[in-house]
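So the chains spell out like this:
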Amino acid sequence: MISVSVHNIKKSYGKTVALNELSFDVERGELFGIIGPDGAGKSTLFRILTTLLVADEGNAFVDGFDVVKYYKEIRRRVGYMPGRFSLYQDLTVEENLTFFASVFGTTIRENYHLIEDIYKQIEPFKDRRAGKLSGGMKQKLALCCALIHKPSVLFLDEPTTGVDPVSRKEFWQMLHRLQEQNITILVSTPYMDEATLCNRIGLIREGEFMTVDTPQSIVAKFDKQLYAASSDNMSRLLYDLRRLPGVESCYAFGGVHHVVLKPDLDVSALENLLCETGHSEIDINPITATVEDCFMALNSDADAYRNETDSVRSRSFHIVPFT
Ligand code: ADP
């Protein structure tokens, strides 16, 4: 059963196209990740699906209800955790939760079973003002407030941004437990390592999905041999690798550089070339691609496609006046 359905949604702010004919479906009970960098259009999409913003073109449905026509119904059915902490800083933990429950005509007690796991961790601080909580605790409170009216679909906009790694891990464990309650979860994140924790992901850039699939299938489609390269001078290594004609792509990735070679260059020839350019402690090893590598590859394909079409466009622009 489809829980969220998006058809050719388009949204611009003046000349900035935030979403460009985006389409996708999310199944009931699915944990769907929208993964992409800042400015890719994630918040705009969530704001449209939670009825806070109206798209310029296209339609979207949540639980079968059109998000524009049935906005009141949608607001009862969805839980939304915006990117920026938006609870009342001067209210205590308990007051915030009571407030959100009463807005939806319910009580903390009625739906306590839904938030129990999460709330137990912040309950010792229930009299503390929300503004005085740590990042991880704020995030837990925001999730409780988004859940207290028993939504069928949960929208979490970058819930782990600025949260420490331990709290991030705990947060994802909480999401998996919520999934067991048949709640559909759409979560956006700029952290590629969180992609593998979702059932399916959409890799978004500039308001368009480059691909939508399971993280495993996306990684399986990476059909080139990837290498991790390092030397005594990592910044110069990146510069030198990018200048070599036999290197197809190269980017910094944690403490190493990830490299794809063209067919006419093999590893030992590359090691020799780097040695000749003055590098020492050269280490180049084959590795398996991650979702982030797939994102980088799709990104550069999209750039190449754009350059191609731009040059066709500019060529035709020049040709037209002369015919
Ligand atoms: P993300 O959530 O992925 O960071 P956003 O949806 O916030 O992306 O933004 C998508 C694009 O739309 C960006 O280029 C951003 O600068 C622009 N944008 C977002 N909100 C506004 C706004 N209120 N006015 C003008 N431009 C905006």
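Located above this text is the structure these notes cover.
Described in the following lines is the structure provided in the data block.

With respect to spatial proximity, the complete set of residues near the ligand consists of Tyr-13, Thr-16, Ala-18, Gly-36, Asp-38, Gly-39, Ala-40, Gly-41, Lys-42, Ser-43 and Thr-44. Taken together, the elements giving at least two residues each to the shell around the ligand come down to strand E2 (16-27) and helix H1 (42-49). Here the shell around the ligand gets three residues from one element, more than from any other, and that element is H1. When the residues that make up the shell around the ligand are grouped by side-chain class, the tally is three nonpolar, six polar and two charged.

Let us look at the nonpolar core. With 70 residues, the main nonpolar core has Leu-49, Leu-141, Cys-144, Cys-145, Phe-155 and Ile-185 as its most contacted residues. With seven residues, the top contributor of residues to this core is helix H5 (residues 135-147). Discounting residues that sit within four places of it in the chain, Leu-141 has contacts with Leu-87, Val-93, Asn-96, Ile-122, Ala-130 and Leu-133. Core analysis: the next-biggest nonpolar cluster, separate from the first, contains 10 residues, Ala-229, Leu-237, Leu-241 and Val-247 among them.

This paragraph deals with the sheet that holds strand E10 (residues 208-213). Pairing between sheet strands relies on hydrogen bonds along the backbone, with the strands arranged either parallel or antiparallel. Taken in spatial order, the six strands line up as E6-E7-E8-E3-E9-E10 in an open sheet, and their pairing is mixed. Both edges of this open sheet fall to strand E6 (78-81) and E10, since each of them pairs with a single strand only. On average, each strand axis in the sheet is inclined to that of its neighbour by 15 degrees, with strand direction left out of account. As defined by bridge partners, E6 adjoins strand E7 (residues 153-157) across four bridges and the pair is classed as parallel. Residue pairing for E7: Tyr-80 is matched across the bridge by Phe-155.

Glancing now at the packing of helix H4 (residues 112-122) against H5. Axis separation between H4 and H5 bottoms out at 9 Å; the angle between their running directions is 150 degrees. One element, H4, and the other, H5, form an angle in the roughly antiparallel class. The two elements H4 and H5 meet at a crossing, and its hand is left-handed. Packed against H4, whose contacting residues are Leu-114, Ile-115, Ile-118, Tyr-119, Gln-121 and Ile-122, the element H5 presents Met-137, Lys-140, Leu-141, Leu-143, Cys-144 and Leu-147 at the interface. In the contact of H4 with H5, the residues fall into 10 nonpolar, one polar and one charged.

Cut-offs and rules
- Residues numbered from 1 in each chain as written.
- Predicted model: local features only at pLDDT ≥ 70, side-chain atom pairs only at ≥ 80, totals over all residues.
- Near = placed C-beta within 6 Å.
- Helix = DSSP H or I, 4+ residues; strand = E, 2+ residues; numbered from the N terminus.
- Nonpolar A, V, L, I, M, F, W, Y, C, P; charged D, E, K, R; others polar.
- Core = buried A, V, L, I, M, F, W, Y, C linked by C-beta atoms within 7 Å.
- Buried ≥ 20, exposed ≤ 12 C-beta atoms within 10 Å, placed from the backbone.
- Contact = placed C-beta atoms within 7 Å.
- Pairing = 2+ DSSP bridges.
- Axes fitted to C-alpha atoms, helices over the stretch in contact; angles between N-to-C directions.
- Parallel < 35°, antiparallel > 145°, perpendicular 65-115°, else oblique.
- Left-handed = near helix turned anticlockwise from the far one by under 90°.

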